[in-house]
Amino acid sequence: MYNMVIFPYDATLKNTLQHIDQKEYRVCGIVSPRGWGYGDTSLLIGDEEIVIQASLRQVESAYDCICLVNSRYSLNFTNSIMPIIHECAEKNLDVIVCRDFTEQELQIIKSYIDKDKLHILYETYRDIKMENEIFEIDIPVVLITDIFAELNSQDVQLKIYDELKAKGYAVKLVSSKREMRLIRDIDSIPQSVLREYGTNKEKILRFNHYIKQIEIKENPDLIIIGIPGNLMEISKKVTGDFGSSAYIISRGVISDYVVCNFPYFQDFEGRCSELCKCVENRLETKVDACNVIPQYLDLMESEEYGELEYLGLSAEYVEKKLQKHEKIFFLQDKKEILRIADEIVKKLEGYAEIKVM
């Protein structure tokens, strides 16, 4: 078991850490950089309340490992990450890497941390032989995507995953976030699919072959795939990845059910149909469910700082504003999670009947 400190923490990690495989990982401390707004708050993990600290020096519990994770806010590698690496090298600590580093940054880390102390969390299967052929996936696939980036789609992935498992289905979740590998039985999209180099053709084939490998080796009842990045750009200044990851994933597999996450805005019901058409044009498939996240996109702040900025809204406020609609969901509500799980099962059972016939 690793007795580890999580760095750098922000709220996007909350549900992931609360689902962490506690037989493998014990969270002894959580560190969030000063100015991120989490200092002296706490997080319940299992039966233990962990106070979030602003530096490693403030962590009082004994630990033998640092887990480097992705964060919503960017960090300078030299000024913020390397001091942690130096401390790990000096104290002979293990380092678990979930954070997405460049190849050059990884080589620097490897030069300081012994091979047997460095644990980079990759996808489960890494020995896939590339073939110039795309395979049909014979297991139902649920895609979960964000219209704009940073809408915490991993939380939605977990909620649907948990509910379908509770219904007795063997579910495989392939997440858009590497941190989800800290949760037992959850996989992540291969780095070879998300890296900057390589052609789109290679990436599509690799992803398709990876999902086929899961089908053959694990034979789940269905596969949930979280798409990283964004589908749409909000302006010329804030573009995200231009939907490039969504393009690769949606070409690598044919989806059977699609959930798209949206930030809340006024008259959502009136504009939902129009937005769905935009999403469907990007994905070239039907959107089955629109999930509203209790966040409001701050366009002016986003353009000023060059990255997406949201204002948090209360769940009660958003739920009160939304009108009931068969295609619109609010997955902050447990009843809505049950509803979408039932809808997924209903649609996939319909497909099964058609195949039998």
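Everything discussed here concerns the structure shown above.
Rules of the game
- Residues numbered from 1 in each chain as written.
- Predicted model: local features only at pLDDT ≥ 70, side-chain atom pairs only at ≥ 80, totals over all residues.
- Heavy atoms only, no water.
- Buried < 20%, exposed > 50% of the residue type's maximum accessible area, 1.4 Å probe, protein only.
- Helix = DSSP H or I, 4+ residues; strand = E, 2+ residues; numbered from the N terminus.
- Pairing = 2+ DSSP bridges.
- Phe/Tyr/Trp six-rings, centres within 6.5 Å; stacked < 30°, edge-to-face > 60°.
- Salt bridge = Lys/Arg side-chain N within 4 Å of Asp/Glu carboxyl O.
- Axes fitted to C-alpha atoms, helices over the stretch in contact; angles between N-to-C directions.
- Contact = heavy atoms within 4.5 Å.
- Polar contact = N/O pair within 3.5 Å; in protein donor to acceptor, adjacent residues only side chain to side chain.

**Some points on the pairing of strand S12 (residues 257-263)**
Here is step 1 of the chain: The buried fraction of S12 amounts to 7 of the 7 residues, a majority that puts the element mostly inside the structure.
Here is step 2 of the chain: In S12, alternate side chains face the same way, and those of Tyr257, Val259, Asn261 and Pro263 on one face and Val258, Cys260 and Phe262 on the other are all buried.
Here is step 3 of the chain: In this structure, strand S8 (residues 141-146) lies alongside S12, joined through 5 bridges in parallel fashion. Looking across to S12, one finds that Ile144 is bridged to Val259.
Here is step 4 of the chain: As paired strands, S12 and strand S13 (residues 289-293) are joined by 5 bridges and run parallel to one another. Counted as the bridge partner of Pro263 is Ile293 from S13.

**Topic: the side chain of Gln295**
Here is step 1 of the chain: By secondary structure assignment, the location of Gln295 is in strand S14 (residues 295-297).
Here is step 2 of the chain: Its relative accessible area of 16% is what places Gln295 among the buried residues.

**So, the packing of aromatic side chains**
Here is step 1 of the chain: Applying the stated rule across the entire model yields 7 aromatic pairs.
Here is step 2 of the chain: Centroid distance Phe262 to Phe268: 5.5 Å. Interplanar angle 75 degrees. Geometry classified as edge-to-face.
Here is step 3 of the chain: Given a relative accessible area of 1%, Phe262 falls into the buried group.
Here is step 4 of the chain: Considering the side-chain rings of Tyr264 and Tyr317, the 6.1 Å spacing of their centres and the 80 degrees angle between planes classify their relative orientation as edge-to-face. In this pair, Tyr264 sits in the loop between S12 and helix H8 (268-283) while Tyr317 sits in helix H10 (residues 315-321), placing the two residues 53 residues apart along the sequence.
Here is step 5 of the chain: Classification of Tyr264 as buried rests on a relative accessible area of 6%.
Here is step 6 of the chain: Taking the relative accessible area as the measure of exposure, Tyr317 reaches 35% and is therefore partly exposed.

**Things to note about the pattern of salt bridges**
Here is step 1 of the chain: Taken as a whole and judged by the stated rule, the model has 16 salt bridges.
Here is step 2 of the chain: Across the pair Lys212 and Asp138 runs a salt bridge, and its minimum N-O distance is 3.6 Å. A residue pair is termed long-range when its members are at least 10 positions apart, and Lys212 in helix H6 (residues 200-218) and Asp138 in the loop between strand S7 (118-120) and S8 qualify at 74 residues.
Here is step 3 of the chain: A salt bridge links Glu233 to Arg282; the shortest N-O distance between them is 3.3 Å. One end of the pair, Glu233, is in the loop between strand S11 (222-226) and helix H7 (244-252); the other, Arg282, is in helix H8, and 49 residues separate them in sequence.
Here is step 4 of the chain: Glu233 sits in the partly exposed class, given a relative accessible area of 28%.
Here is step 5 of the chain: When salt bridges with common partners are traced through the structure, they connect Asp138, Lys212 and Glu215 into a single cluster.

**Quick look at the sheet that holds strand S4 (residues 48-53)**
Here is step 1 of the chain: An order of S3-S4-S2-S1-S5-S6-S7 is seen for the 7 strands of this open sheet, with the pairing classed as mixed. Two strands lie at the open edges of the sheet, namely strand S3 (42-45) and S7, each paired on one side alone. Taken over all neighbouring pairs, the strand axes of this sheet differ in orientation by 30 degrees on average, direction set aside.
Here is step 2 of the chain: Relative to S7, strand S6 (residues 94-97) runs parallel, the two sharing 3 bridges. Paired with Val97 across the two strands is Ile120, which belongs to S7.
Here is step 3 of the chain: Against the sheet, helix H2 (residues 77-91) contacts strand S1 (2-7), strand S5 (65-68) and S6, and its axis sits at roughly 160 degrees relative to S5.

**Describing the side chain of Glu336**
Here is step 1 of the chain: Residue placement: Glu336 occurs in helix H11 (residues 334-356).
Here is step 2 of the chain: On the basis of relative accessibility, which here comes to 16%, the residue Glu336 falls in the buried class.
Here is step 3 of the chain: Within the local environment of Glu336, its side chain forms a polar contact with the side chain of Arg339, the two groups lying 2.9 Å apart.
Here is step 4 of the chain: Setting aside its immediate chain neighbours within four residues, Glu336 contacts Ile328, Phe329, Phe330 and Leu331.

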